Amino acid sequence: MASSFPSVAVTPSATLKLQPHFRKYPPTSYFPTDKSQSISLQKSHRLTHLDPSYLDYREALSSAKEEGLEDLELSFYVPLLQECLHKGSISDTKIVHGHVVKTGTHQDIFVMSFLVNVYAKCGNMENARKVFDKMPRRDDIAWSTLLVGYVQNSQPKHAIRGFQEMLYAGSYPSNFTLAIALNACTSLQSLKLGDQFHAYIIKYNIGYDASIGNALCSLYSKFRKLKLALNAFRRIKEKNVISWTSAISACGDNGEAAKGLRLFVEMLSEDIQPNEFTLTTVLSQCCEIQYLELGSQVHSLCAKFGYDSDIRFRNSMLYLYLKCGCIGEAQILFNGMDYHSLVTWNAMIAGHAQMMEHTKDNLSACQNGIEALNVFSKLNRSGMKPDLFTFSSVLSVCSRLVALEQGEQVHAQAIKTGFLSDVVVSSSLINMYNKCGSVERASKAFLEMSTRTLISWTSMIAGFAQHGRYQQALQLFEDMKLAGVRPNAVTFVCVLSAYSQAGMVSEALDYFEIMQKEYKIKPVMDHYTCLVDMFVWLGQLEEAFNFIKKMDFEPTESIWSNLIYGCQSQGNLEIGYHAAEQLLSLKPKDSETYMLLSNMYLSAGQYEYVSRVKKIMEEENIRKLNDWSWISIKDRVYSFKPNDKAQPQSSLLYKSLEDLVSKAKNLGYEMLESVEISEEEEDEKTTSPTIYHSEKLAITFGLEKLPYSSPIRVVKSTLMCRDCHNFIKYVSTLTGREIVVKDSRRLHKFVNGQCSCGDFGCFL
DNA sequence: CTAGGGTTAG
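Remember, it's a predicted structure, so these values are computed and weren't measured experimentally. (Residues numbered from 1 in each chain as written. Chains lettered and ligands numbered in written order. Predicted model: local features only at pLDDT ≥ 70, side-chain atom pairs only at ≥ 80, totals over all residues. Heavy atoms only, no water.)

Visitor: Would you mind going over the overall build of chain A in detail, with residue names and values included?
Guide: For chain A, the helix and strand inventory stands at 37 helices and eight strands. Taking the contacts inside chain A whose residues are at least 6 apart along the sequence as the reference set, 66% of them involve residues at least 24 apart. For chain A, the exposed surface amounts to about 36,500 Å²; the carbon and sulfur share of it is 52%. (Helix = DSSP H or I, 4+ residues; strand = E, 2+ residues; numbered from the N terminus. Contact = heavy atoms within 4.5 Å. Areas by Shrake-Rupley, 256 points an atom, 1.4 Å probe, with all protein chains shown as cover.)

If you want it as structure tokens, here you go:
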């Protein structure tokens, strides 16, 4: 994928010049001595580049209050309002506003427009509107300022209404006003209205300039109409940097990062100089496709243009490094930053969370998660306050680590800071409790939500399904439809998996049809996987195999491994062998596959084949997967290897485990021997004891260290073996504890001798 | 004024 791009020249062509992005106004403009200068100020409406350090505005403000306002020049308000804007202070703005009214300056439409702008930026649209209504007349700038205020304060309906008022009042919209109206349509999520504005633009023959083209580009992009968005961009005759940046980000927002990057290359070849916005957009798209090489070249470009100290750029780069798995580079960049913004911290946490997601190996995934939690506690110690982004990322890390105690602490912090009211944070919370095995607390959190999105509903349905509570999952699905929320492909994965695990074949197949016909959702691999698994668990291997053959997709690894597992319990060696062959062509030399195959022959009593498989494994030098288990207690995560005698307290721990085993045996537990690939070559045994498997050690450790009756939660790097699964059921009865084990495939929750997977898991 | 960095479900 990466190689298809033309490489970007690190040195920009000589014609590119630095933009003067900081312009100083002559100080005389602050205190115009006559009316003409005041008018010139009106023209230079954009005063955002004024150097605020020029005057002590606060002093000016208080002296203005003391002296009364008669002495003040009209344009003295400009720096005062500038300062209000800078500080975002409503109370200061009200003082200035009072002065404006007292001195009769409210007749001046420039000062009044500015006041509208300041109130809007402070988030107070009521006052902005009051000021606007008091104006003697309104020009295009006044209207635009008001409309922009509405859009930026998430009141797009008011913006559209304002646009209509403007037409009724007899003002003609400028291109700029139309661009704002289009943005209002974007945030209103109304493509229909946007099309009407587009028609208006065409009907009244309004010149198609960059501001309209850019707005149309982002409008269509938000509605996932990339083609229309790019058309809007192409039609702009004089494309500016913003046009290019909008078009590039439109590609990225529509999952066409590669196309966006090609546009970037085109932009460079047209000698348009990117600014820091463009470069950060490009970096985020490098992130999407993990194109680190281009990212590094962008880094060099940034250095060339002097943007590389920009905090936003650095945050993007940091995230890119993490997404590409370059922890070392990310660490160096992070340490070298003189200032960490909240986004820096969030990028660090989310980056590690992303690495967890994309790391196949559960061992390194957990290490990433532990590091993410470390970063989070450093953030808390730094005195900076986490926000909703932090909370949702950290909660997702806790859920993947099955770290309930940390998750509870984050929950408490989210309540205290008020961020739990955010729908994303509370959805993450639901997911955390579900993944940590507490479906009760997840549903409590779900009920307490004031608004629920599709993701909130889907998370909860998934939670019920994962805990084997199929009826509740399906009931919630009905409730969701009653609430008017339209299910998507992911929701149907959960629903199908609930039906299939409940063994409700005809219902599952019906919903598979309904999904396609009624909801127009194209089935993806995961939907087929649910149905295939259903046939496997029901022991209908022929049906499963036929279903696989009918699919439009190449079967995935998990389909084949589940099939082998089904073949083991049914003794169908023929299909099992075929599945193993297929699986090995997808994952050559995969030890798990050989183990499943060997277990299948072992169950069928075909010992000759068992030793044949073992021989192949030796010849091919197939190594056992790293088998680790973790348990998190308070703020520490403890890890265990099988037969690990390195732990300082290991002899005590082994003793406790052996006690537990003999107690379980009294209840009827029989230890199974499983096929092991020995790590020492000289070991000749085909079977080996399963007693010291890592999850058994981790659970024993948890039983000792955690308070009485506290649930035990363990994460395991590989598939659990059948013996451990069986043993843990006995332990849950013996100790009366709830035990949750997340293995490389799924979640198992053991309560009172029963597992939530209903023994339809896949075991080694 | 329009554009940019970080979040949730299988």
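Visitor: So what's going on with the sheet that holds strand 7 (residues 747-751)? Which residues, and what values?
Guide: The pairing of strands in a sheet happens through backbone hydrogen bonds and is either parallel or antiparallel. An order of 2-1-5-6-7-8 is seen for the six strands of this open sheet, with the pairing classed as mixed. Of all the strands in the sheet, just strand 2 (636-640) and strand 8 (754-755) have a single pairing partner and so form its edges. Docked against the sheet, helix 36 (residues 694-705) engages strand 1 (629-633), strand 2, strand 5 (712-716) and strand 6 (739-742), running at close to 15 degrees with respect to strand 1. (Pairing = 2+ DSSP bridges. Axes fitted to C-alpha atoms, helices over the stretch in contact; angles between N-to-C directions.)

Visitor: Can you explain the protein's contact with DNA strand B? Please cite residues and give values.
Guide: Around DNA strand B sit 44 residues in total, of which Gln-152, Phe-176, Arg-312, Asn-315 and Asp-387 are the nearest. Restricting attention to atoms of DNA strand B within 4 Å of the protein, one finds that 41% of them are sugar or phosphate atoms. Between a sugar or linking oxygen of DNA strand B and a side-chain N or O atom of Ser-459, the distance comes to 3.2 Å. Between DNA strand B and Asn-488 there is a distance of 2.9 Å, counted from a base nitrogen to a side-chain nitrogen or oxygen. (Near = heavy atom within 4 Å. Polar contact = N/O pair within 3.5 Å; in protein donor to acceptor, adjacent residues only side chain to side chain.)

Visitor: Could you give an account of helix 4 (residues 90-102), with specific residues and numbers?
Guide: In this model, helix 4 (13 residues) spans 18 Å end to end at C-alpha, consistent with the 18 Å of a helix rising 1.5 Å per residue. Among the residues of helix 4, those classed as buried are Asp-92, Thr-93, Val-96, His-97, His-99 and Val-100. Within helix 4, the buried residues cover an arc of 160 degrees as seen down the axis, which keeps them to one side. Just past helix 4, the residue Gly-104 takes up positive phi, approximately 75 degrees. (Expected span 1.5 Å × (residues − 1). Buried < 20%, exposed > 50% of the residue type's maximum accessible area, 1.4 Å probe, protein only. Arc of directions from axis to C-beta.)

Visitor: So what about the pairing of strand 7? Which residues, and what values?
Guide: Here strand 7 lies mainly inside the structure; four of its five residues are buried. Where strand 6 and strand 7 come together, four bridges link them in antiparallel fashion. Following the sheet pairing, Ile-739 is matched in strand 7 by Phe-750. In this antiparallel pair of consecutive strands, strand 6 and strand 7, the connection spans four residues. Pairing analysis gives two bridges linking strand 7 to strand 8, with the strands arranged antiparallel.

Interpretation note: all reported values are geometric properties and have no functional meaning in isolation.
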